[in-house]
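# Residue-level structure breakdown
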Amino acid sequence: MNRSVRIAVIWGGLGLLLWAWWAHQGPMLLSESFRAQGGPTVDDEALSLVPAPDIIEYEVQPGETLEQIAARFGVSVEALVGSNANTVDNLHSLEPGTILKIVKNGVLHAVKPGQTLTDIARTYGVPLAEIVHANRLEDREYIYPGEEFFIPGAVRSPTWTYLQMAGGRRSLFAWPVRGVLSSGFGTRIHPISGEPHFHQGIDIEVPEGTEVYAASAGKVLVAGRHSGYGLYIVLQHSHGYRTLYAHLAEIGVYRGQFVEGGQVIGRSGNTGNSTGPHLHFEILQYGRPLNPLALLPP
Ligand SMILES: [Zn+2]
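We now turn to the structure provided with this report. (Residues numbered from 1 in each chain as written. Predicted model: local features only at pLDDT ≥ 70, side-chain atom pairs only at ≥ 80, totals over all residues. Heavy atoms only, no water.)

## Topic: the overall build of the protein
For clarity, the cut-off: Put simply, DSSP marks the helices as runs of H or I at least four residues long and the strands as runs of E at least two long, and each gets a number from the N terminus on. Residue exposure (1.4 Å probe, protein chains only): buried if accessible area is under 20% of the type maximum, exposed if over 50%, otherwise partly exposed. Contact criterion: two residues are considered in contact whenever any of their non-hydrogen atoms come within 4.5 Å of each other. For every accessible area listed, the method is Shrake-Rupley and the probe measures 1.4 Å; residues are considered covered only by the protein chains on display.
Check the secondary structure of the protein and you find eight helices and 16 strands. Classification of the 298 residues of the protein by burial places 45% in the buried group. If you take every contact in the protein between residues at least 6 apart in sequence, the share linking residues at least 24 apart comes to 64%. Here the protein has roughly 15,700 Å² of accessible surface; of this, 57% comes from carbon and sulfur atoms.

## Quick word on the pattern of salt bridges
As a reminder of what qualifies: A pairing counts as a salt bridge when a side-chain nitrogen of Lys or Arg comes within 4 Å of a carboxyl oxygen of Asp or Glu.
All chains considered together, the criterion is met by eight salt bridges. The salt bridge involving Lys101 is made with Glu148; its shortest N-O contact spans 2.7 Å. With Lys101 in strand S2 (residues 99-102) and Glu148 in strand S4 (residues 148-152), this pair connects stretches of sequence that are 47 residues apart. Classification of Lys101 by relative accessible area gives partly exposed; the value is 25%. For Glu148, a relative accessible area of 24% gives the class partly exposed. The residue Glu211 makes a salt bridge to Arg156 at a minimum N-O spacing of 3.4 Å. A residue pair is termed long-range when its members are at least 10 positions apart, and Glu211 in strand S9 (residues 211-213) and Arg156 in the loop between S4 and helix H7 (158-165) qualify at 55 residues.

## Description of the coordination of the zinc ion
Applicable threshold: Distances define the donors: N, O and S atoms within 2.8 Å of the metal qualify, as do those within 3.2 Å of Na, K or Ca. Water is excluded, so some sites may look unfinished.
Bound to the zinc ion are the protein donor atoms His199 (NE2), Asp203 (OD) and His280 (ND1), situated 2.0 to 2.2 Å from the metal. Sequence spacing of the donor residues for the zinc ion, all on one chain, is H-x3-D-x76-H. Placement of Asp203 in strand S8 (residues 202-205) and of His280 in strand S15 (residues 278-285) is noted, with a sequence separation of 77 residues between them. A relative accessible area of 6% places His280 in the buried class.

## Examining unusual backbone geometry
Only a minority of non-glycine residues have a phi that is not negative, and only a minority of peptide bonds are not trans. Within the chain, Asn105 stands out as a residue other than glycine whose phi angle is a positive 60°. Inspection of the secondary structure puts Asn105 in the loop between S2 and strand S3 (106-110). Judged by relative accessible area, Asn105 falls into the exposed class, the value being 67%. The residue Tyr286 is not glycine, and still its phi comes out positive at about 45°. Mapped onto the fold, Tyr286 is located in the loop between S15 and strand S16 (288-290).

## So, the layout of surface pockets
Rolled over the atoms, a probe with the dimensions of a water molecule shows which regions are left empty. Heads up, the rule is: The rule is simple: put a 1 Å grid over the protein atoms alone, call a set of points where a 1.4 Å probe fits but cannot get out a cavity, call an open set with protein on both sides within 12 Å along at least five of seven lines a pocket, and count a residue as lining if it has an atom within 4 Å of a point. Grid points are joined across faces, edges and corners, and a volume is the space filled by probe spheres set on the points. Polar here means any residue other than Ala, Val, Leu, Ile, Met, Phe, Trp, Tyr, Cys and Pro, which are nonpolar, and Asp, Glu, Lys and Arg, which are charged; Gly is therefore polar.
Each pocket or cavity is described by its volume, and for the largest pocket that value is around 550 Å³. Arg188, His199, Asp203, His247 and Asn273 are the residues nearest the centre of the largest pocket, which is lined by 24 residues in total. For the lining of the largest pocket, the secondary structure elements donating two or more residues are strand S5 (180-183), strand S7 (196-199), S8 and S15. Residue composition of the lining of the largest pocket, by class: five nonpolar, 15 polar and four charged.

## A short note on the environment of Asn105
Taking the C-alpha atoms as reference points, Asn105 and Ala79, separated by 26 residues in sequence, lie 8.7 Å from one another. Look past the residues within four positions of Asn105 in its chain and what remains in contact with it is Phe150, Ile151, Pro152 and Gly153.

## Considering helix H3 (residues 66-73)
Each full turn of the α-helix corresponds to 3.6 residues, which orients residues three or four apart in the same direction. As a reminder, the rule being used: Within this analysis, the arc is defined by the directions that extend from the helix axis to the C-beta atoms.
Of all the positions in H3, only Leu66, Ile69, Ala70 and Phe73 are classed as buried. When H3 is viewed along its axis, its buried side chains cluster within an angular range of 100° and face the same direction. Among the exposed residues of H3, those oriented more than 90 degrees off its buried face are Ala71 and Arg72. On its buried face, H3 sits against strand S1 (56-59), helix H4 (77-83) and S2.

## Structural notes on the packing of aromatic side chains
Pairs of aromatic rings are described using the distance from one ring centre to the other and the angle between the two planes. Threshold: In summary, the pairing rule links any two rings of Phe, Tyr or Trp, Trp by its six-membered ring, whose centres are within 6.5 Å, and it sorts them by plane angle into stacked for under 30 degrees, edge-to-face for over 60 and tilted for everything else.
One pass over the full model with this rule turns up five aromatic pairs. Here Tyr58 and Phe73 contribute two aromatic rings whose centre-to-centre distance is 5.3 Å and whose plane-to-plane angle is 70°, an arrangement assigned as edge-to-face. On the criterion of sequence distance, the pair formed by Tyr58 in strand S1 and Phe73 in helix H3 is long-range, its members being 15 residues apart. For the pair Tyr58 and Phe73, a shared accessibility class is recorded, and that class is buried.

## Observations concerning the nonpolar core
Here is the rule: Here the nonpolar core consists of buried residues drawn from Ala, Val, Leu, Ile, Met, Phe, Trp, Tyr and Cys, with membership extended through side-chain atoms lying within 4.5 Å. Domain limits in this description derive from either an automatic procedure or a database domain assignment.
Grouped together as the largest cluster of nonpolar side chains are 46 residues, with contacts concentrated most on Leu66, Ile69, Tyr245 and Ile265. Here this core spans two domains, since at least three of its residues come from each of domain 2 (50-165) and domain 3 (180-295). Those residues in contact with Ile265 that sit more than four places away from it in its chain are Val212, Tyr213, Ala214, Ile233, Leu235, Tyr245, Ile251, Gly252, Val253 and Val259.

## Concerning the pairing of S4
Threshold: Here, strands pair whenever DSSP counts at least two bridges between them.
A large share of S4 lies buried, amounting to four of its five residues. Note that S3 and S4 share five bridges and pair antiparallel. Across the sheet, the residue bridging to Val107 is Ile151, located in S4.

## Side note on the environment of Val259
Inspection of the secondary structure assignment puts Val259 in strand S13 (residues 258-259). Remark: the alpha-carbon pair of Val259 and Leu235, spanning 24 residues in sequence, is separated by 8.6 Å.

Given below as C-alpha cells:
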C-alpha cells in the first residue's frame, strides 16, 4: 500500500468507528438533558472549549432588594429579573429564602409552551446560532417547556419591562404603552359624523414611534393592515384572551410568532382611521370586548 491509500484506510476505519459509536450512543444521548450531544461532529472539539455559563444560586436574605443583589454580583437589575422571570413577581419586595439564579453576560430563559428557539432569538435580539452554540443545541430536535437556556449577551429582559409596565408586580395584563388616556371604552359620539359609536378599546396618546409592548405573553394572530385600524397586531393569549394594538407606524412581529409579555412588538403611529398619534388598545375574551381599564393595573 502506498502512503495515500494507507491514510485513506485509516480515515475510513476511524469514520466507521465514529459511526458505530454514534449509532450506539446517539439515541440514548438525545433523550438526556440539553447539555447532551447527539454524536461527534467536526465542531465537537471546538465546542467543548466554550465554557458553560456559571450559574450561581443565591438565597435572598431578609430585607434585601434586587438592586443590592444585582450590585453584589455585578449584573444589571434587568438581567437579574430576566434570569428569574418565574420567581420574581414583585420588583419592590423579595421574599427572604427565595433562590435567585445569577449568570453574567446574558440572561437565563425558561422556555414556555409553544415557544421556539427562533421566537426566543427574536425576543432577545440575539442571533439564533449564538443561542444554539452557547447551549450546545446543534444536535437537538426538540426543546421542552420549562428548560432553561442561556441567552449570551442579552441585555434586555421582556419580564423586566412587563413588570415595569404592570406597576412593579405581576398582573394579568401590563400597559402596552404609558401615556394620557384620550378616549375610554364604551359608547361615544363620533367626532366627525356625530353618530353614536361603540369604542371597543381605549386610546392612549403617545408620540409617533413609541415602543409598543405585548400586554401579556402569547402568539401573534394578526400582523397586518386594516382600513380602520391601520397597521395593527392581534395577540392570542391563554384563557381565550386577545389583545389588539392599532394605528401603528411599524410592525415588528410576524404571524405565528410567540412573544413574551413586555416584548417590543411594534411602534405606535397614526395609520388608518386616526386623527392624531395614539395607540388604540383592545382586550377581548372569547371575542367579547372588555374594558381594558378593568384589567390593567393602575
Ligand atoms: Zn380607539
